[in-house]
Amino acid sequence: MEKDDWASGTTAELWRLYDEVTTVLSRRMTAEKAKLEERLRRIDGTAGVQNEERARRPYPPVLPKYQNPKDPSETWSGRGKQPRWLKAQLRAGKKLNDLLINRSSGQRRRRTG
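Draft legend 1. Focus on the overall build of the chain. Looking only at helices and strands, one finds three helices and two strands in the chain. Listing each helix as α and each strand as β along the chain from the N terminus yields α-α-β-β-α. Taking all 113 residues of the chain together, the buried fraction comes to 7%. Relative to all contacts within the chain whose residues are 6 or more apart in sequence, the contacts with residues 24 or more apart total 34%.

Okay, structure coming up:
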């Protein structure tokens, strides 16, 4: 249809043309979206697997680094949030070095890197 045809067409004809165009565009967009999603699945290596969470990689166990002097069963590795007992000890004036667990040289972990 030429531009002059649009100007001379009736409102009903223009609405029919609009409906046809939107229908065709909708189908093409849906097909294109499906192709793109399939490409993404292949790139991620998850072809055939949908909505499954990846398993977290295993982390090595971390030995406790700090110990509560009032209750030796309470320990902290130095990772994550500080426990309440540690915060209380720090507020009371202790330093983190005061709460370190003494390990013999055989138990110490070596740093790599």
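Having put the structure on the table, let's press on.
Draft legend 2. Spatial organisation of the nonpolar core. Among the nonpolar cores identified, the biggest contains five residues, and these are Tyr 66, Trp 76, Trp 85, Leu 86 and Leu 99. Apart from the residues within four sequence positions on either side, Tyr 66 is in contact with Glu 74, Thr 75, Trp 76, Gly 78, Trp 85, Leu 96, Leu 99, Leu 100 and Ile 101.

Draft legend 3. Main features of the packing of aromatic side chains. What the rule picks out here adds up to two aromatic pairs. Both rings, one in Trp 15 and one in Tyr 18, keep their centres 5.4 Å apart while their planes meet at 90°; by these two values the pair is edge-to-face. Note that Trp 15 and Tyr 18 are positioned in helix H2 (residues 11-44) at a spacing of three residues, about one turn of the helix. Judged by relative accessible area, which is 52%, Trp 15 ranks as exposed.

Draft legend 4. Structural detail: a nonpolar patch on the surface. Taken together, Val 21, Leu 25 and Met 29 make up a surface patch of nonpolar side chains, about 290 Å² in accessible area. Summarising the element assignment, Met 29 is placed in helix H2.

Draft legend 5. How the structure looks around a positive patch on the surface. A cluster of basic residues, Lys 81, Arg 84, Lys 87 and Arg 91, forms a positive patch at the surface. The topology assignment puts Arg 91 in helix H3 (residues 84-91).

Draft legend 6. Structural view of H2. Along its 34 residues, H2 runs 49 Å from first to last C-alpha, staying within 8% of the 50 Å computed at 1.5 Å per residue. The positive-phi residue at the C-terminal boundary of H2 is Gly 45, with phi of around 80°.

Draft legend 7. Spotlight on H3. Taken together, the buried positions of H3 are Trp 85, Leu 86 and Gln 89. Angularly, the buried residues of H3 cover 100° about the axis, an arc narrow enough to put them on a single face. Exposed and oriented more than 90 degrees from the buried face of H3 are Arg 84 and Arg 91. Turning to H3, the residues buried within the fold contact strand S1 (66-67) and strand S2 (75-76). Just downstream of H3 lies Gly 93, where phi reads positive at about 105°.

Rules of the game
Sequence order as written defines residue numbering, which begins from 1 separately in each chain. pLDDT decides what is reported in this predicted model: residues at 70 or higher carry local features, side-chain atom pairs at 80 or more are listed and counted, and totals for whole chains, interfaces and linings draw on all residues regardless. Excluding hydrogens and water, the side-chain figures rest on all heavy atoms present in the structure. Only DSSP runs of H or I reaching four residues or more are called helices, and only runs of E reaching two or more are called strands; each is numbered from the N terminus. Each residue is assigned to one of three classes by its accessible area relative to the maximum for its type, calculated with a 1.4 Å probe on protein chains only: buried under 20%, partly exposed between the two thresholds, exposed over 50%. Residues count as neighbours in contact if any of their non-hydrogen atoms are within 4.5 Å of one another. We define the nonpolar core as a collection of buried residues of types Ala, Val, Leu, Ile, Met, Phe, Trp, Tyr and Cys that are connected through side-chain atoms lying within 4.5 Å of one another. Here is the rule: rings of Phe, Tyr and Trp (six-membered ring for Trp) pair when centre to centre is within 6.5 Å. Planes less than 30 degrees apart are stacked, more than 60 are edge-to-face, and the remainder are tilted. Patches were defined on residues exceeding 30% relative accessible area and lacking a salt bridge, with like-charge contacts within 9 Å and nonpolar side-chain contacts (Val, Leu, Ile, Met, Phe, Trp, Tyr) within 5 Å. Accessible areas in this description were obtained via Shrake-Rupley with a 1.4 Å probe; residue shielding takes into account the shown protein chains only. Between Lys or Arg on one side and Asp or Glu on the other, a salt bridge is scored when a side-chain nitrogen of the former is within 4 Å of a carboxyl oxygen of the latter. Counted charges follow a simple rule, with Lys and Arg positive, Asp and Glu negative, and His plus the chain ends left uncounted. Taken as the charge centre is NZ of Lys, CZ of Arg, CG of Asp or CD of Glu, depending on the residue. Here, expected helix span is obtained from the residue count minus one, scaled by 1.5 Å. Directions are taken from the helix axis to each C-beta atom, and the arc is the one they span.

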